[in-house]
Amino acid sequence: MTDDVRNIVLGVIAAGLSASLGWLTRTYLWRRKLRRKQAFLGLPTNSESLLVVNREVGGDGVHRFDVFALLELAAVIKDCGAHAQILSHDVAQQGFGERTEFCVGGPASNRRMAAHLRSLLPGLRVNTDPDPVSDRATLRIGGELYRMEPGAVEYVVLARLTGGQGVRPVFLFCGQRAITNQAATRYLARNHEKLARKYGNGSFCLLLKVVNSEAYGPDVVELVADVTRAAQAPAPVPVSPRTAGAGT
C-alpha cells in the first residue's frame, strides 16, 4: 500500500469516526433533552395523559380558541411519545396524580377546574358572576385584583401542581377568556425548558398577561409574577358579625 492510498484510507476512517461520534453526541443530547421534557411534563414514553376540556360559556360546545389550546397540548404530548385521552369537564370524576392532567378553562365553564382551584389553589379566586360586567372574570390572588380589558389586557394562570394519589402533575390553564387559555398553552410549549430549569419537577403558579389579543391573538404574553405562595395560601375565613363582636 502506497503512502497516498494509506492517507486516503486513514482520512476516510477518520471522517467516518468523526461522523459517528457527532451522530452519537447529537443523539445523546437529543435524548437527554427529551427525558428532561418528559420528566417536567410528566409524560414518559407510551404513558397516558388526560386532557380535560371545558364548554363555551353560555353554550354546549367548545370555544374555538380552547380547541386550539388542545391542539397545542396534543402536539406537546405527541413529541414526548405519550398518549392523550380527552374528557369533558363534567365527566372527569377521578383523582389526580396517576396520570398527567391538562385542565383547560376557567371555573365558570369547567367544573373540574373549579374543584382544582378549591383544593390546590385556595388563595386564587375567579369572579364567575356575570354582573357587573366590569368585574366579570376578575382574578383575586391573595389581596390583589386583576381585572381584564377585553381585547387589550387579559390575564391567565398557568400552574403545575403535584399531589394526589401519584407523582404525575396536573397543569392548569385558567384564563379570563378562551384566547388566554390558548396563550398559556403556547407559553408552556415555548418555555418548558426555562420553566424546568427554574422549578425542576416541583409546583408553581404563574400569572401571565396577554397583551392586545385583538391584534396579536395569543402570541404576546408577559410574565406578571410567580404567585405560587399567595395562590396556595389558605383562603381567609369570613368572620360573622357575632364572631367579630365576641369579647368586646
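Read on for an overview of the structure. (Residues numbered from 1 in each chain as written. Predicted model: local features only at pLDDT ≥ 70, side-chain atom pairs only at ≥ 80, totals over all residues. Heavy atoms only, no water.)

1. Looking at a positive patch on the surface
Taken together, the side chains of Arg32, Arg35, Arg36, Lys194 and Arg197 present a region of like positive charge at the surface. Along the chain, Arg35 falls in helix α1 (residues 3–41). Taking the relative accessible area as the measure of exposure, Arg35 reaches 45% and is therefore partly exposed. (Patch = residues over 30% accessible without salt bridge, like charges linked within 9 Å, V, L, I, M, F, W, Y side chains within 5 Å. Areas by Shrake-Rupley, 256 points an atom, 1.4 Å probe, with all protein chains shown as cover. Salt bridge = Lys/Arg side-chain N within 4 Å of Asp/Glu carboxyl O. Lys, Arg positive; Asp, Glu negative; His and termini not counted. Charge placed at Lys NZ, Arg CZ, Asp CG, Glu CD. Helix = DSSP H or I, 4+ residues; strand = E, 2+ residues; numbered from the N terminus. Buried < 20%, exposed > 50% of the residue type's maximum accessible area, 1.4 Å probe, protein only.)

2. Quick look at the pattern of salt bridges
Opposite charge on two side chains allows them to pair when their charged atoms are near. Tallied over the entire structure, the rule returns 9 salt bridges. Across the pair Asp135 and Arg147 runs a salt bridge, and its minimum N-O distance is 2.9 Å. Separated by 12 residues along the polypeptide, Asp135 in the loop between β4 (124–126) and β5 (139–141) and Arg147 in the loop between β6 (144–146) and β7 (153–161) bring together distant segments of the chain. Note on Asp135: relative accessible area 22%, which makes it partly exposed. Using a relative accessible area of 44% as the deciding quantity, one classes Arg147 as partly exposed. Residue Glu222 pairs with Lys209 through a salt bridge whose shortest N-O separation is 3.7 Å. With Glu222 in strand β10 (residues 221–226) and Lys209 in strand β9 (residues 204–211), this residue pair connects regions lying 13 residues apart in the sequence. Overall, Glu222 belongs to the partly exposed group, its relative accessible area being 38%. On the accessibility criterion, Lys209 (24% relative accessible area) is partly exposed. Because the salt bridges share partners, they merge into one network encompassing Glu72, Arg186, Arg190 and Asp219.

3. Concerning the side chain of Arg186
In this structure, Arg186 sits in helix α4 (residues 178–199). Its relative accessible area of 17% is what places Arg186 among the buried residues. Every residue in contact with Arg186, bar those within four places of it in the chain, is listed here: Glu72, Pro218 and Asp219. (Contact = heavy atoms within 4.5 Å.)

4. As for the sheet that holds strand β3 (residues 100–104)
On the basis of which strands lie adjacent, the open sheet formed by 7 strands has the order β2-β1-β3-β8-β7-β9-β10 and mixed pairing. Lying at the two open borders of the sheet, with one neighbouring strand each, are β2 (83–88) and β10. Neighbour to neighbour, the strand axes of the sheet diverge by 20 degrees on average, direction disregarded. Relative to β3, strand β1 (residues 48–53) is paired through 4 bridges, and the arrangement is parallel. Its bridge partner lying in β3, Leu51 is registered against Phe102. Contacts from α4 reach β3, β7, β8 (170–175), β9 and β10, with the element oriented near 45 degrees to β7. (Pairing = 2+ DSSP bridges. Axes fitted to C-alpha atoms, helices over the stretch in contact; angles between N-to-C directions.)

5. Observations concerning the packing of aromatic side chains
In this description, an aromatic ring pair is defined by two values, namely the gap between the centres and the angle between the planes. The full count for this structure, using the stated rule, is 6 aromatic pairs. Taking the centre distance of 6.0 Å and the plane angle of 75 degrees together, the rings of Phe65 and Phe68 count as edge-to-face. A residue pair is termed a helical-turn pair when its members lie 3 or 4 positions apart in one helix, as Phe65 and Phe68 do in helix α2 (residues 64–79) at 3 residues. Seen in terms of ring centroids, Phe102 and Phe171 are 5.3 Å apart; in terms of plane orientation they differ by 10 degrees. Their pairing is stacked. You can see Phe102 sitting in strand β3 and its partner Phe171 sitting in strand β8, a full 69 residues away along the chain. For the pair Phe102 and Phe171, one class covers both residues: buried. Through pairs of rings, three or more aromatic residues link up here, namely Phe40, Phe102, Phe171, Tyr199 and Phe204. Geometry around Phe65 places Arg64 over its ring, the cationic atom sitting 4.4 Å from the centre. Across the ring face of Phe40, the terminal group of Arg160 is positioned such that the distance to the ring centre comes to 5.3 Å. (Phe/Tyr/Trp six-rings, centres within 6.5 Å; stacked < 30°, edge-to-face > 60°. Lys NZ or Arg CZ within 6 Å of the ring centre and 35° of its normal.)

6. Details of the nonpolar core
Counting residues in hydrophobic clusters, the biggest one holds 28 residues, and the most contacted among them are Leu41, Phe102, Leu158, Phe173, Leu188 and Leu195. Those elements that place two or more of their residues in this core are α1, β1, α2, β3, β7, β8, α4 and β9. Examining the composition of this core, we find that 6 residues originate from one element, α4, more than from any other. Setting aside residues up to four positions removed in sequence, Phe102 forms contacts with Leu41, Leu43, Ser49, Leu50, Leu51, Val52, Leu73, Ile77, Phe171 and Phe173. In this structure, Leu50, Leu121, Leu139 and Ala159 belong to the second largest nonpolar core, which totals 25 residues. (Core = buried A, V, L, I, M, F, W, Y, C linked by side-chain atoms within 4.5 Å.)

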